[in-house]
Amino acid sequence: MDGSPMYRLPLDTLHYIFSTLPLRQIIICRSVCKFFYQTLTAPAFMDLISSQPPLDLIALRPPHHHHHHHHHHHNHNRDVSSHQALHAFDPSSNQWVRFPLSFLPFRSPTPVASSVGLIYLWADSLNSLESGKSLIVCNPLTRSFRVLPQLGSAWSRHGSVLVGSPNRVLVLTELATLYFSGSNLWFKFSSNLPSKPRSPILVADSVLALCDVGSPWRNQWKLFACTLNHLQKSQPWTRLERHEWGDVFDILKRPRLVKGLGNQILMVGGLKSSFSLNASCSTILILRLDLDTLEWDELGRMPPEMFRCFQESSKFKVFGAGNRVCFSAKRVGRLAFCDYSPEAGKGDWRWISGVPGNGDGLFRGFVFQAGLTALP
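Residues numbered from 1 in each chain as written. Predicted model: local features only at pLDDT ≥ 70, side-chain atom pairs only at ≥ 80, totals over all residues. Heavy atoms only, no water.

### What to know about the overall build of the protein
If you tally the helices and strands in the protein, you get nine helices and 24 strands. Taking 21 Å as the expected radius of gyration for a compact globule of 376 residues, we find that the protein reaches 22 Å, a close match to that expectation. Overall size of the protein, expressed as C-alpha extent along the three principal axes, is 70 × 50 × 45 Å. When each of the 376 residues of the protein is scored for burial, the buried share is 49%. Residue pairs at least 24 apart in sequence account for 49% of intrachain contacts in the protein once pairs closer than 6 positions are excluded. (Helix = DSSP H or I, 4+ residues; strand = E, 2+ residues; numbered from the N terminus. Rg over C-alpha atoms; globule rule 2.2 N^0.38 Å. Buried < 20%, exposed > 50% of the residue type's maximum accessible area, 1.4 Å probe, protein only. Contact = heavy atoms within 4.5 Å.)

### A word on unusual backbone geometry
One non-glycine residue, Asn94, lies in positive phi territory at about 60 degrees. Structurally, Asn94 can be placed in the loop between β2 (85–90) and β3 (95–100). Even without being glycine, Arg331 reaches a positive phi, approximately 65 degrees. Residue placement: Arg331 occurs in the loop between β21 (324–329) and β22 (335–341). Taking the relative accessible area as the measure of exposure, Arg331 reaches 72% and is therefore exposed.

### Brief notes about the sheet that holds strand β13 (residues 206–212)
With respect to topology, four strands assemble into an open sheet ordered β12-β13-β14-β15, the strand pairing being antiparallel. Lying at the two open borders of the sheet, with one neighbouring strand each, are β12 (198–203) and β15 (238–240). Taking the axes of each pair of neighbouring strands and ignoring which way they run, one obtains an average angle of 30 degrees across the sheet. Where β13 meets strand β14 (residues 221–227), seven bridges bridge the pair, whose relative direction is antiparallel. Within β14, the residue paired with Leu208 across the bridge is Ala225. (Pairing = 2+ DSSP bridges. Axes fitted to C-alpha atoms, helices over the stretch in contact; angles between N-to-C directions.)

### Overview of the nonpolar core
Ranked by size, the top nonpolar core spans 33 residues in total, and within it Leu86, Phe99, Leu104, Leu141 and Phe368 carry the most contacts. Per-element tally for this core: the top contributor is helix α2 (residues 23–30), with four residues. When neighbours within four sequence positions are excluded, Leu141 is seen to be in contact with Leu23, Ile27, Arg30, Met46, Phe99, Phe368, Ala370, Gly371 and Leu372. (Core = buried A, V, L, I, M, F, W, Y, C linked by side-chain atoms within 4.5 Å.)

### Digging into the environment of Gln311
Inspection of the secondary structure puts Gln311 in helix α9 (residues 304–311). Put simply, Gln311 and Leu291 are 20 residues apart on the chain and 31 Å apart in space, counted from C-alpha to C-alpha.

### A look at the sheet that holds β2
With antiparallel pairing, the four strands of this open sheet are ordered in space as β3-β2-β1-β24. Looking at which strands have only one partner, the edges of the open sheet turn out to be β3 and β24 (365–370). Mean inter-strand twist for the sheet, computed between neighbouring axes without regard to direction, equals 35 degrees. When strand β1 (residues 55–60) meets β2, the two strands line up antiparallel, connected through two bridges. Looking at the pairing, Ile58 lines up with Phe89 of β2.

### A short note on the packing of aromatic side chains
Summed over all chains, the structure comprises twelve aromatic pairs. When the centroid spacing of 6.5 Å and the interplanar angle of 45 degrees are considered together, the rings of Phe103 and Phe145 count as tilted. Pair noted here: Phe103 is in the loop between β3 and β4 (107–115) and Phe145 is in strand β7 (residues 144–147), with a separation of 42 residues, a long-range link. On the basis of relative accessible area, Phe145 is assigned to the partly exposed category, the value being 34%. A ring pair is formed by Trp245 and Trp296, whose centres lie 5.6 Å apart and whose planes are at 75 degrees; its orientation type is edge-to-face. Of this pair, Trp245 sits in the loop between β15 and β16 (252–259) while Trp296 is found in strand β19 (residues 295–301), placing the two residues 51 residues apart along the sequence. A single burial state applies to Trp245 and to Trp296, both of which are buried. Taken together, the ring pairs in this structure connect Phe18, Phe35 and Phe36 into an aromatic cluster. (Phe/Tyr/Trp six-rings, centres within 6.5 Å; stacked < 30°, edge-to-face > 60°.)

Geometric values such as these leave the question of function open.
Here it is, written out as structure tokens:
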């Protein structure tokens, strides 16, 4: 390629040519060679394409064992470096996209959440004497990042990272919550939860979570909510329930919450075939709750032929946001994907293949709006 006429073109001309491509093509071109990467990450080019609309992607979190365990064998460094990237799926083009994270001067960056075009990840300090974890916020497209004040590693192991508008970050555990709002420190307060929170989500100014208020022999899931204002004052959570809801929490096995559009939340779980203790499931159901009217409706249910692949697995993961929900399970080897269309009034269900990495199939992830304007 050294003799290619492209190398003789003025940089301004090259920038102009590439600026006519859609953002997803620019991201793919960056991976072609070092010359393209340098050309397409130059500040002048980034300014030129800054008005490009963001891409709605489904990003994967690394498999669990890369996050918590460090293997001291000769392949370890190569294994970790191969995971110094964020893998995301673009439903519009049906392609996987890779965002290198090598620009971050940290060991083992682990992406856990995203909001308004920014990725939040846990990472180890390069200084081996420091044992704490740092939460990093970055934009992998512009390669800019910011380090939030350091935390103990227990928070990264046990806490759920919830992010909203820029400079609004929560790390939630059953006993305590950390809140960061742009100053240079974390505020800590009691969580006041009735039990360990399942799939907590941040919607506007409220945190919502499912909590088990049942007995040791039988789960009984209920929906709890707390505004950020009340959380900071260590006030109790509100149990959201209405008589009209009936047995909405009893029909689902292993329910999970997913953030919906606007002031809506989704609850996803296996649809029980009966109310008996170990009832089998007939499919996976997606319910939607409007937080303004407190009314539930059904968003969709997994097609039978797709559900058969999940039937064998006792455990599955759910992630997504808005009208998009992804499902993974052990030994399935691909993701099930539901893209709900408000116009059609139903969900488009399909498989996502070619999932990167060699995890056990229990993939987790989050929605990532990849754009060029978000600044950490």
